[in-house]
Amino acid sequence: MSASLNAVAATTVTTAQDPACAEPLAVLGRDVTVPLVTGGEVTYAALDYAASAPALQRVWDDVAAYAPYYGSVHRGAGYLSQLSTDLFEQSRATVAEFLDCRPGDQVVFTRSTTDSLNLLAAVLPADCQVFVFETEHHASLLPWTNAQVTYLNAPRTPAEAVATLERALADREPYGPALVCVTGASNVTGELWPVKELAAAAHAHGARIVLDAAQLAPHHPVSVRDLDVDWVAFSGHKLYAPFGSGVLAGRADWLQEAEPYLAGGGASRKVSRREDGGVDVEWHTTAARHEAGSPNVIGVYSIASACRALSEAGFDNLVAREQQLVTRVREGLAEVPAVRVLSLFGDDAPRVGVISFVVDGWNSSHCAAALSAEYGIGVRDGLFCAHPLVRTLLGSEPQAQGECGAPEAAPGERSLNAIRVSFGAGTPDEHVERFVRAVKELVADGAKWQYRTEEGRCVPAV
């Protein structure tokens, strides 16, 4: 990194978190107040980290320090352009270090996890077979439209997941290229999947594996080398880094051998006219091959900043504190007989700060609306872009319609949705305590306000 760029980075003071400190990391929005329908205001409790985590203050400060130096990447001879190019490529190195990539692995910057997995789907070799559990987020369930896909039933234990995959891979015909796609942590239950064991099973049967780390990377260290996965994908906006960037990191060969994901400037190394009137194109063999167009430099730098901040804070500290919050929420919900927490692997399964549940006698949309309007708590309700998994977990259990119906319920279809609370490194203890107290009060006393369905959402009646 140039001396000038070091000076830019130095404008933000950074310190590693004290291991003895149990305070959450500083995030934007921690002091925002919101109105309550019952009167007054309260500090907003953001408990929807699984959808988008708030930006770390550190990330925001780093981006603000760089913003005056913003310039075009890989294109210009000007000083700011060269500075920005230096920062962009240093960010790539930072992400590779954060993921503990192997020598020769490529880090490709994308728009999101969804974009990363669609990129990988676009570069699959001919006749590649894909194996994916029905429990996946739609981002990793749906991109494989040009491949032969085998959808695997939801396992009920980690061991069953490994055995199910081994049987499917052993039975595949013909025995050609194959890819397994698996989540690291469920965006519905928060449960950790046996990634290392699944990778070993995949490789034993001549297949490769891609890890959807969208819900894992913000909560746990992810080592490509140790897990022995071929690729990993994640999104910046779940890693406390806004601005719409993502990462696909891993083996270079399939990426280098395929046509560019997008054709255009940046992906092309040389373009020339032919005598017959057409054009010949020589594409880059580096990560630039799949990064056509002007890249999101701010988004990329924010991811690198978040990677540094989480590493400096220490994942041991972050995991330990988050597990205290997980325990508090689970114990609090267990005290409410009407609440059922959703789980594939059982109560003792290790998990991150993502918990989904249903409440007897409540439509989940109604409960989520009351948590927001009456307590200033932001959670999520619905099927969480993991419809097959949530439907499997809910089964045929009926849900009372309550005051409002679920937006997913078609005319004549029974309402089927859940509530998800999620948190992480920036969550104060008070937000979790308020949530537990609010659920208990709503179940015991009912909502204090009337609600109605408006444009598919449950909202306070006025």
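Quantities reported herein were computed from a predicted structural model and do not represent experimental measurements.

1. Here we look at the packing of helix α3 (residues 79-98) against helix α10 (residues 297-313)
Item 1. Where α3 contacts α10, the axes come no closer than 9 Å and their chain directions differ by 40°. For the element pair α3 / α10, the angle class is oblique. Relative to α10, the crossing made by α3 is left-handed. Here S84, L87, F88, S91, T94, V95 and F98 of α3 come into contact with α10, specifically with V297, V300, Y301, I303, A304, C307, R308, L310 and S311.
Item 2. Its residues assigned to classes, the contact of α3 with α10 comprises eleven nonpolar, four polar and one charged.

2. So, the packing of helix α11 (residues 315-334) against helix α14 (residues 429-445)
Item 1. Contact geometry for α11 and α14: axes closest at 9 Å, N-to-C directions at 10°. It follows from the interaxial angle that α11 and α14 lie roughly parallel. Across the interface between the two elements, R321, L325, R328, V329, G332 and L333 from α11 touch D429, V432, E433, F435, V436, V439 and K440 from α14.
Item 2. The class makeup of the residues in the contact of α11 with α14 is seven nonpolar, one polar and five charged.

3. Some words on the pairing of strand β19 (residues 457-460)
Item 1. Examined bridge by bridge, strand β18 (residues 451-454) and β19 share four bridges and lie antiparallel to one another. Its bridge partner lying in β19, T453 is registered against C458.
Item 2. The antiparallel hairpin formed by β18 and β19 contains two residues in its connecting segment, where E455 sits at a positive phi of about 50°.

4. Some words on the sheet that holds strand β8 (residues 208-212)
Item 1. Here we have seven strands laid out as an open sheet, ordered β4-β10-β9-β8-β7-β5-β6, and mixed in their pairing. Each of the sheet's edge strands pairs with one partner strand only, and the pair in question is β4 (106-110) and β6 (148-152). Each strand axis lies, on average, 20° off the axis of its neighbour in the sheet, ignoring direction.
Item 2. Examined bridge by bridge, strand β5 (residues 129-133) and strand β7 (residues 178-183) share four bridges and lie parallel to one another. Residue pairing across strands places V130 opposite L179, the latter belonging to β7.
Item 3. On the sheet, helix α7 (residues 195-204) packs against β7 and β8 and is oriented at approximately 155° with respect to β8.

Cut-offs applied
Residues numbered from 1 in each chain as written. Predicted model: local features only at pLDDT ≥ 70, side-chain atom pairs only at ≥ 80, totals over all residues. Heavy atoms only, no water. Axes fitted to C-alpha atoms, helices over the stretch in contact; angles between N-to-C directions. Helix = DSSP H or I, 4+ residues; strand = E, 2+ residues; numbered from the N terminus. Parallel < 35°, antiparallel > 145°, perpendicular 65-115°, else oblique. Left-handed = near helix turned anticlockwise from the far one by under 90°. Contact = heavy atoms within 4.5 Å. Nonpolar A, V, L, I, M, F, W, Y, C, P; charged D, E, K, R; others polar. Pairing = 2+ DSSP bridges.

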